[in-house]
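Structural description and commentary
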Amino acid sequence: MHALDVLGDPVRRRILELLAEGERSSGEVSSVVRAEFGISQPAVSQHLRVLREAGFASVRAEGTRRLYAVEAAPLREVDRWLDRFRGFWEQRLDALGTELARGKRQRRVDQERGGGSGTDAET
């Protein structure tokens, strides 16, 4: 399964968000996901299996509990793939930052001209 197919599912993305906060038991993950998405425990287990088999999550046994954690390698691969597209939004974000700074500067100039009242009306 391709990494974006794995990440395309909102339940799996939510599970990864939970695991990004730290290692969690399958019961903890299941409890949160079941409450948020209204799916069964076997369905949550299936999503955990997909994440594990795709390399996005690892699992270890601790007594009777199974503890899941995020694996960074597949996320780095997705990040590398996305890298070629970053320019599309970074340019726009840079332009937005420039416009915000320009607007802030203009408001400051307008306030200084208006005596600091913050209005455009002249007395």
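Definitions and limits used
- Numbering of residues starts from 1 in each chain and follows the order in which that chain's sequence is written.
- The predicted origin of the model limits local features to residues at a pLDDT of at least 70 and limits the giving and counting of side-chain atom pairs to 80 or more, whereas totals for whole chains, interfaces and linings rest on all residues.
- The basis for the side-chain values is all heavy atoms of the structure; hydrogens and waters are excluded.
- For two strands to be treated as a pair, DSSP must find at least two bridges joining them.
- Helix and strand definitions follow DSSP, with helices as H or I runs of at least four residues and strands as E runs of at least two, each counted in order from the N terminus.
- The span one expects for a helix is its residue count, reduced by one, times 1.5 Å.
- To sort residues, take the accessible area from a 1.4 Å probe on protein chains only and compare it with the maximum for the residue type: under 20% means buried, over 50% means exposed, and anything in between is partly exposed.
- Throughout, the arc means that of the directions going from the helix axis to the C-beta atoms.
- Throughout, a contact is declared for two residues whenever any of their heavy atoms are within 4.5 Å.

Let us now look at the sheet that holds strand β1 (residues 24-25). Taken together, the 3 strands give an open sheet; going across it, the order is β1-β3-β2, and neighbouring strands pair in antiparallel fashion. Each having just a single partner strand, β1 and β2 (57-62) make up the two edges of the open sheet. Across 2 bridges, the pairing between β1 and strand β3 (residues 65-70) is antiparallel. Of the residues in β3, the one forming a bridge with Ser25 is Leu67.

All right, on to the pairing of β3 then. As paired elements, β2 and β3 share 6 bridges and run antiparallel to each other. Each residue of the ladder has a partner; that of Ala61, found in β3, is Arg66. Where β2 folds back on β3, the antiparallel hairpin that results is connected by 2 residues, among which Gly63 adopts a positive phi of roughly 65°.

This part covers helix α4 (residues 41-53). The terminal C-alpha atoms of α4 lie 18 Å apart, and with 13 residues this matches the ideal 18 Å at 1.5 Å per residue to within 8%. Turning to α4, its buried residues number three or more, namely Val44, His47, Leu48, Val50 and Leu51. End-on, the buried residues of α4 take up no more than an arc of 155°, which puts them together on one face. In α4, the exposed positions that point more than 90 degrees away from the buried face belong to Pro42 and Glu53. Of the surrounding elements, those touching the buried residues of α4 are α1 (3-7), α2 (10-20), α3 (26-37), β2 and β3. A positive backbone phi angle near 85° is found at Gly55, which sits one or two residues after α4.

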